[in-house]
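Observations on the three-dimensional arrangement
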Amino acid sequence: MRPALLWTATGLVALAELATAALILAPRVDPAYRAYFIERSSDCWPHKTDGHYALGTTVSFIYGARPDFTPNKICGWFYPGPQGTWSYGSYSLLRFRFAPAAGPLRLTLTAAGMVDAAHPVQRVAVSANGTPLGTLQFGTAAALQSLAVPAALAATGDIELRFDYPDARPGTEIGPNEDSHLRAIRAVTLTLAPA
């Protein structure tokens, strides 16, 4: 092999190696992928969902109950159990796509909090499409609470609900067989209905 060709081939291999190293050190990926898999700054890996929903339907978070919340689940939820579904991480997301409504909606959530004597309340800051709706508080027993959803959001027919948990605690506080991921509430049912 001629020396000039050898040097050219060596240079091309070196450039390919540098390009590969650059991709490994600073991969160009979706921000959600980066936060979940690379930086580990989020517990929320977004699932693809169509979010189909008929206004007024009560969806269940209880294993085997119908209709369940799975078609609306984006992220931040454990698997359903016999008493409901625990939140997972510092926030959870649900999507609801429906026929646009002419007026405001009422969001109703039945849930219980991961609480004890030292932490008697779990706060849940709820927002829709980035607009704060209010903060709910849950204790030991499952309770029904509600918030208003403005008409402007209802008219879009597409609402992404975000539940932020400022008081979330490790699941290991429930018992020795639980994992360490943050938990806040055990959701039981949710309804979006005309106000």
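Above this text you will find the structure in question.
Let me begin by describing the structure that accompanies this report. (Residues numbered from 1 in each chain as written. Predicted model: local features only at pLDDT ≥ 70, side-chain atom pairs only at ≥ 80, totals over all residues. Heavy atoms only, no water.)

Our focus in this paragraph is the sheet that holds strand β2 (residues 73-75). Taken in spatial order, the 5 strands make up an open sheet running β2-β4-β9-β6-β7, and their pairing is antiparallel. Of all the strands in the sheet, just β2 and β7 (131-138) have a single pairing partner and so form its edges. The average undirected angle you get between the axes of adjacent strands in this sheet is 25°. The sheet contact formed by β2 and strand β4 (residues 91-97) spans 2 bridges and is antiparallel. Bridged to Cys75 within β4 is Leu93. (Pairing = 2+ DSSP bridges. Helix = DSSP H or I, 4+ residues; strand = E, 2+ residues; numbered from the N terminus. Axes fitted to C-alpha atoms, helices over the stretch in contact; angles between N-to-C directions.)

Summed over the entire model, instances satisfying the criterion amount to 7 salt bridges. The salt bridge involving Asp116 is made with Arg169; its shortest N-O contact spans 2.8 Å. Taken together, the residues span a long stretch of sequence, with Asp116 in the loop between β5 (105-113) and β6 (122-128) and Arg169 in strand β10 (residues 169-170) at a distance of 53 residues. Note on Asp116: relative accessible area 34%, which makes it partly exposed. On the accessibility criterion, Arg169 (6% relative accessible area) is buried. The salt bridge involving Asp167 is made with Arg123; its shortest N-O contact spans 2.7 Å. Placement of Asp167 in the loop between β9 (158-164) and β10 and of Arg123 in strand β6 is noted, with a sequence separation of 44 residues between them. Classification of Arg123 as partly exposed rests on a relative accessible area of 35%. Three or more residues joined by partner-sharing salt bridges are found here, namely Arg95, Arg97 and Asp158. (Salt bridge = Lys/Arg side-chain N within 4 Å of Asp/Glu carboxyl O. Buried < 20%, exposed > 50% of the residue type's maximum accessible area, 1.4 Å probe, protein only.)

Below, the discussion takes up the pairing of strand β12 (residues 185-194). Most of β12 sits out of view: 8 of its 10 residues are buried. Bridge count for strand β1 (residues 58-60) against β12 is 3 bridges, and the pairing is antiparallel. Within β12, the position partnered with Val59 by the bridge is Leu190. As judged from the 2 bridges shared by strand β3 (residues 85-86) and β12, these two strands associate in the antiparallel manner.

Keep in mind these values describe shape, not function.
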